[in-house]
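Structural description and commentary
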Amino acid sequence: MSTDFAVSSETLGPGRGLVSLRGEVDIYTAPRLKERLVGLLDDGVTGVVVDLSEVTFIDSTALGVLIGGVRRLREAEGRMALVVATRPVERVLTLTGLDRVFTIHATRDAAVAALG
């Protein structure tokens, strides 16, 4: 698995969006995640899947971006679902208690389906 960072976003249909990440999401790369996430929210997306299945490391800055996104979505009566398929990311979410804040799925299809 590569540690080179990459982020992309796309709409999945009316009111639905996807942000996909790869590599290390940290203080240096989190602003790019925020840019993509805010872009979708500004476009009226109220259901977001954040695919972390290819993320090898995530730090508190990136977690803060995700928390900000989920708060903004909840204010708009929206939802966020995370795709987590790596042990390091799962462990961070569990240790921080954020596994109780976010809806977590093992696959992108399951996360998209959960948004309804």
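Residues numbered from 1 in each chain as written. Predicted model: local features only at pLDDT ≥ 70, side-chain atom pairs only at ≥ 80, totals over all residues. Heavy atoms only, no water.

Observations regarding the side chain of Asp-59
Its location among the elements puts Asp-59 in the loop between strand E3 (47-58) and helix H2 (60-75). Among buried Asp, Glu, Lys and Arg side chains, Asp-59 stands out as unpaired, with Lys-34 the closest opposite charge at 13 Å. Polar contacts involving the side chain of Asp-59 include one to the main-chain amide nitrogen of Ala-62, which spans 3.1 Å. Residues contacting Asp-59, with those up to four places away along its chain left out, are Val-25, Asp-26 and Ile-27. (Helix = DSSP H or I, 4+ residues; strand = E, 2+ residues; numbered from the N terminus. Buried < 20%, exposed > 50% of the residue type's maximum accessible area, 1.4 Å probe, protein only. Lys, Arg positive; Asp, Glu negative; His and termini not counted. Salt bridge = Lys/Arg side-chain N within 4 Å of Asp/Glu carboxyl O. Polar contact = N/O pair within 3.5 Å; in protein donor to acceptor, adjacent residues only side chain to side chain. Contact = heavy atoms within 4.5 Å.)

Comments concerning the pattern of salt bridges
Scanning the entire structure with this criterion turns up three salt bridges. In this structure, Arg-72 engages Asp-42 in a salt bridge whose closest nitrogen and oxygen atoms are separated by 2.5 Å. Within this pair, whereas Arg-72 is found in helix H2, its partner Asp-42 is found in helix H1 (residues 30-42), the two being separated by 30 residues in sequence. Its salt-bridge partner being Arg-87, residue Glu-90 comes within 4.0 Å of it at the nearest N-O pair. Residue Glu-90 and its partner Arg-87 are both found in helix H3 (residues 87-95); the two are separated by three residues, about one turn of the helix.

Digging into the sheet that holds strand E1 (residues 6-13)
The five strands lie next to each other as E1-E2-E3-E4-E5, forming an open sheet whose pairing is mixed. In this open sheet, the two edge strands, each paired with only one partner strand, are E1 and strand E5 (103-105). Across the sheet, the mean angle from the axis of one strand to that of its neighbour is 20 degrees, orientation sign disregarded. Where E1 meets strand E2 (residues 16-25), seven bridges bridge the pair, whose relative direction is antiparallel. Each residue of the ladder has a partner; that of Gly-13, found in E2, is Arg-16. The strands that H2 touches are E2, E3 and strand E4 (79-83); relative to E3, the one it contacts most, it runs at about 170 degrees. (Pairing = 2+ DSSP bridges. Axes fitted to C-alpha atoms, helices over the stretch in contact; angles between N-to-C directions.)

What to know about the nonpolar core
In this structure, Leu-21, Leu-52 and Met-80 are the most contacted members of the largest nonpolar core, which totals 29 residues. Apart from the residues within four sequence positions on either side, Leu-21 is in contact with Phe-5, Ala-6, Val-7, Leu-33, Val-50, Asp-51, Leu-52, Glu-54 and Val-55. Membership of the second largest hydrophobic core comes to six residues, among which are Val-49, Val-83, Ala-111 and Leu-115. (Core = buried A, V, L, I, M, F, W, Y, C linked by side-chain atoms within 4.5 Å.)

Looking at the pairing of E3
For E2 and E3, the ladder comprises nine bridges, and the chain directions are parallel. Within E3, the position partnered with Arg-22 by the bridge is Glu-54. This β-α-β element, E2 to H1 to E3, shows right-handed connectivity. When E3 meets E4, the two strands line up parallel, connected through five bridges. Looking at E4, one finds that Asp-51 is bridged to Val-83. (Right-handed = clockwise from strand over helix to strand, strands pointing away.)

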